[in-house]
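Chain by chain, the residues:
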Amino acid sequence: MKKNISIILLLMACFALQLISAQKKYNQLSDYVDPNIGTAHSRWFFYTPGAVPFGLAKLGPSTNAHLGNAQGWEATGYDHRENSIEGFACLHEFQVGGIVVAPSVGTLQIIPGSLENNDEGYRSSFDRKDEHATSGYYSVLLKDYNIKAELTATKRVGFQRYTFPKSSQSHIIFDIGNRQGESGAVKDAKVTINKNGSVEGYVITTPEYVKKYQEGAEVAMYFYAVLDKKPAAYGVFNKKDRKAGEKEIAGEGSGAYFTFTTKENEAITVKIGLSFTSVANAKLNLDAEAKKLTFDKAKKQSLAVWNEYLGRISVEGKNETDKIKFYTGLYHALLGRGLGSDVNGAYPMNNGKVGQIPVNDKGVPEYNYYNSDAIWGGFWNLTQLWALAYPEYYADWVQAQLLVYKDAGWLGDGIASSKYVSGVGTNFTGLAIASAYNSGIKNYDVDVAYAAALKNELEWRSRIEGAGKMDVQQFVERGYSPQIDDIGFNTTIQGSGFSASHTLEYSYSAYAVAQFAKALGKKDDYNQLIKLSNGWKLLYDNETKFIRPKYANGNFVSNFDPSQPWRGFQEGNAWQYTFYVPHAVDELVATLGKDTFNERLEKIFEISQKNVFGGGTKIDAFAGLSGYYNHGNQPNLHISWLFNYSGKPYLTQKWVHAICDEFYGTEGIHGYGYGQDEDQGQLGAWYVMSSIGLFDVKGLTDINPSFQVSSPLFDKVSVKLPASTGRKPFTIEVSNNEKANVYLQDVSLNGKNMDKLSIGLNDIAKGGTLKMSVGAEPNKKRTE
């Protein structure tokens, strides 16, 4: 009996410990963030747990980064399916990567080695049970060396801490002069060990997209680092040529090493100041942000910043899995498109020189510069999220785009250290600027912003390839871009191999800038732009009821297959792109016919659900391009919300919930689909917006824009911004919320029933409460 009592007490104690553990697991919002979700086949910038929101320093482990990628977009860096780590890079940005630090014990190795054989280099195996990652902090045990590695960061400073075993051969290397992720080939590098023991240098690379869109340009990355222990020995290396006791080396493959005698569990911390402008500014960034900061204090500070940013949209509910998806998605949305200017306002100009952002009377820059992947599709996720909860970042993002415009004459769709890196050959930056203005974000030079946006839509003379839209003359003069079948993936002034998708995209962006023009009283510009926004109608084929590419002679393309990607449609097909008329959905519904519209759209989702709303379980970013719907890519991220315009909003409620539950996962392989292309937070931001029941098909491009309303996944959503933004707290409350209850029944705003499922951004900014009740059966009385 005593034995049984002992067993019962033991079981009760174990249960109590599990309960305490479970309670501790989610004691702050960052605990819900799991950066390891979706890391199979992920992009270079995807996995950087050692970072703050929108930071410059983005630290993370690499499993295959030194392999680079041939075309500049392939998956590289960290992969869930691989089990060894080659080092810890400090910079993970679109087309930017480098400044690697790595520890080891034993024989000094100066190359990373291969995935197949750890012994070839400084690479080490690891177990994921020994790995911990969240927003702002990462740790792992490097099994081959028995070293615990930890990462965290401030805005511009990376922290790496290594806890070594007892050894007289404990090493830390700086692998600077080698290709990393999307960085492109190394053009030059230099590493110097200073008299005071600090180490500094730079690496200059030629990313693939930079070579394509701005030939001859390059990206420079600078660092200044300090170690908190004096080494027993040091040296430099260049490829396989090691030079003990020397302090400087230059050229491809350049690096430095430090050897220590360590006690058991002795920790050595490395602080790395980073900059895109100079070594001096890298040091300045370090001194300003981290001179007296310890690793533990930096970690605590980073987690605090993350929890403040994550807490701007807080969700409550019974389903913990949904919260993990939500805060991990929000984390990715806040991670990408990071800081590129220094604490003193210096920033990298397009021509390779150093520019200066204006500073206030205290020497603080008036705004920041940010790097950015292309904004292609970002209006259905990122810019909506920015406008809702991070308006000050959105304002800075616009300023960064205008810096490049003022420096080089054109808006860049994507910019890497101010170099043009369009990636898709179009340019939606003008649309995103127009959306910012119409969303009330106006603290920049509006005249310059409008001139830049207008030029982006209408001008072709002397247009550079880095500004995209090389076929815009055809669109302006004909109303559509002509199809050229034998041009491949290229675009010229005569037309494009993606002519139909370009026409649809240009029609939409023309509409957006037309609203900007209207708001500013530019009547002639408005009339021209609004006429161009009807370009999609010229490609609508009434016989097939699809958008269909058209040749310059006015004839539709022959042998038309609406499922065929890449012919007339970039990263998609006619099934997907025919719905790409977000600015005129009512007209599209009327053109197709409401019954045809609804039947086709519902069929698309019924069929696509069997393929996890994308490419099925195939691990490939482009797996779903031939399907009816492909949530893993940008062109039709809005279409689940189109039922709100066709009289069946309950189907938007149904399919948005299904996508959130089934496309999005919580595993390394099933995260954002299966190996899909998560472009700097776009899919994460889509989940955030859709899961709280707010989304705008038009991408907030209307004057006084509004969100469509659907049923949230959560019981309560609270949007609360800093007082400095002028926004008031806004709350969404959902009664009777269960997984099966996806359908809206009653909706009221501040006690007043809502006839239409729409709420203005201004109404949200004023604060208040949106109350909803949901049920298991559709409310078919609601038609809009």
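Description of the structure in this document.

Conventions and cut-offs
- Residues numbered from 1 in each chain as written.
- Predicted model: local features only at pLDDT ≥ 70, side-chain atom pairs only at ≥ 80, totals over all residues.
- Heavy atoms only, no water.
- Helix = DSSP H or I, 4+ residues; strand = E, 2+ residues; numbered from the N terminus.
- Rg over C-alpha atoms; globule rule 2.2 N^0.38 Å.
- Buried < 20%, exposed > 50% of the residue type's maximum accessible area, 1.4 Å probe, protein only.
- Contact = heavy atoms within 4.5 Å.
- Areas by Shrake-Rupley, 256 points an atom, 1.4 Å probe, with all protein chains shown as cover.
- Lys, Arg positive; Asp, Glu negative; His and termini not counted.
- Charge placed at Lys NZ, Arg CZ, Asp CG, Glu CD.
- Pairing = 2+ DSSP bridges.
- Axes fitted to C-alpha atoms, helices over the stretch in contact; angles between N-to-C directions.
- Core = buried A, V, L, I, M, F, W, Y, C linked by side-chain atoms within 4.5 Å.
- Parallel < 35°, antiparallel > 145°, perpendicular 65-115°, else oblique.
- Nonpolar A, V, L, I, M, F, W, Y, C, P; charged D, E, K, R; others polar.
- Phe/Tyr/Trp six-rings, centres within 6.5 Å; stacked < 30°, edge-to-face > 60°.
- Salt bridge = Lys/Arg side-chain N within 4 Å of Asp/Glu carboxyl O.

**A few points about the overall build of the protein chain**
Looking only at helices and strands, the protein chain has 18 helices and 37 strands in total. Scaling as 2.2 N^0.38, a compact globule of 784 residues should have a C-alpha radius of gyration of about 28 Å, and the protein chain matches this with 26 Å. With respect to the three principal axes, the spread of C-alpha positions in the protein chain is 85 × 75 × 55 Å. Counting every position in the protein chain, which comprises 784 residues, the buried fraction comes to 65%. Long-range pairs, those at least 24 residues apart, make up 69% of the contacts in the protein chain with a sequence separation of at least 6. Per element, the accessible surface of the protein chain, about 27,800 Å² overall, is 49% carbon and sulfur. Taken together, the 81 basic and 83 acidic charged side chains of the protein chain have centroids lying 5 Å from each other.

**Some thoughts on the environment of Tyr390**
Along the polypeptide, Tyr390 turns up in the loop between helix H6 (382-389) and helix H7 (391-408). On the basis of relative accessibility, which here comes to 0%, the residue Tyr390 falls in the buried class. As for Tyr390 and Arg312, which are separated by 78 residues in sequence, their C-alpha atoms are 8.4 Å apart.

**As for the sheet that holds strand S14 (residues 233-238)**
The antiparallel open sheet is built from seven strands, whose spatial order is S1-S3-S4-S10-S17-S14-S15. Looking at the sheet topology across the chains shown, the edges are occupied by strand S1 (60-62) and strand S15 (241-244). Each adjacent strand pair in this sheet contributes to an overall mean axis angle of 25°, direction not counted. Where S1 meets strand S3 (residues 87-93), three bridges bridge the pair, whose relative direction is antiparallel. Bridge pairing in S3 places Ser62 opposite Gly87.

**Comments concerning the environment of Tyr122**
Mapped onto the elements, Tyr122 comes out in the loop between strand S4 (96-105) and strand S5 (124-125). Tyr122 sits 13 residues away from Gln109 along the chain, and the two C-alpha atoms are 5.1 Å apart. Every residue in contact with Tyr122, bar those within four places of it in the chain, is listed here: Glu86, Gly87, Val100, Ala102, Pro103, Gln109, Ile110, Ile111, Pro112, Tyr145, Ile173 and Asp175.

**A few points about the sheet that holds strand S9 (residues 157-164)**
Reading across the sheet, the nine strands line up as S6-S7-S8-S9-S18-S13-S12-S11-S16 and stay open at both edges, with antiparallel pairing between neighbours. Because the sheet does not close on itself, it has two edges, and the strands there are strand S6 (131-134) and strand S16 (248-250). Within the sheet, the average angular offset between the axes of one strand and its neighbour, ignoring direction, is 15°. By the bridge criterion, six bridges tie strand S8 (residues 147-153) to S9 in an arrangement that is antiparallel. When the bridges of S9 are listed, Ala153 appears paired with Gly158. Its contacts with the sheet place helix H3 (residues 279-290) against S9, strand S12 (199-206), strand S13 (219-227) and strand S18 (266-275), and it is angled at close to 125° to S18. Across the face of the sheet, helix H4 (residues 295-310) comes into contact with S6, strand S7 (137-142), S8, S9 and S18 while running at roughly 50° to S8.

**Some thoughts on the nonpolar core**
The tendency in soluble globular proteins is for nonpolar side chains to be buried side by side. Grouped together as the largest cluster of nonpolar side chains are 230 residues, with contacts concentrated most on Ile172, Phe174, Val199, Ile313 and Phe326. With residues up to four places along the chain from it excluded, the contact list for Phe326 reads Ile313, Val315, Tyr687, Val688, Ser691, Ile692 and Phe714. Judged by nonpolar contacts, the second largest core, of 10 residues, contains Val157, Tyr224, Ala290 and Leu293.

**So, the packing of helix H14 (residues 585-592) against helix H15 (residues 594-608)**
In contact at an axis separation of 5 Å, H14 and H15 are set at 100° when each is read in the N-to-C sense. Classified by the interaxial angle, the pair formed by H14 and H15 is roughly perpendicular. Counting all contacts with H14, which are made through Leu588, Val589 and Leu592, the residues of H15 involved are Lys594, Thr596, Phe597 and Arg600. Across the contact of H14 with H15, the residue classes break down as four nonpolar, one polar and two charged.

**Side note on helix H17 (residues 682-691)**
Among the 10 residues in H17, 10 count as buried, and that is most of the element. For H17, the complete set of buried residues consists of Gln682, Leu683, Gly684, Ala685, Trp686, Tyr687, Val688, Met689, Ser690 and Ser691. The elements touched by buried residues of H17 are strand S19 (313-316), helix H5 (320-335), H6, helix H16 (649-662), strand S30 (694-695) and strand S31 (706-709). Immediately beyond the C-terminal end of H17, within one or two residues, lies Gly693, with a positive phi of roughly 80°.

**Thoughts on the environment of Gly616**
With respect to the helices and strands, Gly616 occurs in the loop between H15 and H16. Residue classification places Gly616 among the buried positions, given a relative accessible area of 12%. Leaving out residues up to four positions away in the same chain, Gly616 has contacts with Asn611 and Tyr674.

**Here we look at unusual backbone geometry**
Phi is positive for Trp566, close to 75°, though the residue is something other than glycine. With respect to the helices and strands, Trp566 occurs in the loop between strand S27 (546-547) and helix H13 (574-577). Of note in the backbone geometry, Glu571 takes a positive phi value of approximately 55° without being a glycine. Examined against the element boundaries, Glu571 turns out to sit in the loop between S27 and H13. Residue Glu571 is classed as buried on the basis of its relative accessible area, which comes to 11%.

**Re the packing of aromatic side chains**
In total, this model carries 61 aromatic pairs according to the counting rule given. Relative to Phe516, the ring of Tyr437 has its centre 4.8 Å away and its plane inclined at 35°; by these criteria the two rings are tilted. One end of the pair, Tyr437, is in helix H8 (residues 429-438); the other, Phe516, is in helix H11 (residues 499-519), and 79 residues separate them in sequence. Judged by relative accessible area, which is 11%, Tyr437 ranks as buried. Their ring planes at 75° and their centres at 6.1 Å tell us that Phe613 and Trp655 sit as a pair that is edge-to-face.

**Thoughts on the packing of H4 against H5**
Direction vectors running N to C along H4 and H5 enclose 105°, while the axes themselves pass 11 Å from each other. Taken together, the axes of H4 and H5 lie roughly perpendicular to each other. Residue-level inspection shows Trp306, Tyr309 and Leu310 of H4 in contact with H5, the latter providing Tyr327, Leu330, Tyr331, Leu334 and Leu335. Tallied by class, the residues present in the contact of H4 with H5 amount to eight nonpolar, no polar and no charged.

**Details of the pattern of salt bridges**
Tallied over the full model, the rule gives 30 salt bridges. Between Asp541 and Arg548 there is a salt bridge, with the nearest N and O atoms lying 2.9 Å from each other. When its relative accessible area of 5% is taken as the criterion, Asp541 is described as buried. The residue Asp702 makes a salt bridge to Lys698 at a minimum N-O spacing of 3.0 Å.

**Quick notes on the side chain of Arg782**
With respect to the helices and strands, Arg782 occurs in the segment after strand S37 (768-775). In this structure Arg782 is buried but unpaired, with Asp746 as the nearest side chain of opposite charge at 5.7 Å.

**As for the pairing of S12**
Note on strand geometry: in a regular strand, side chains alternate between the two faces of the sheet. Across the eight residues that make up S12, a large majority, seven, are buried. Here strand S11 (residues 185-193) pairs with S12 via eight bridges, running antiparallel. Its bridge partner being in S12, Ile193 is matched across the sheet by Val199. The hairpin turn running from S11 into S12, its antiparallel successor, is five residues long, and Gly197 in that turn takes a positive phi close to 90°.

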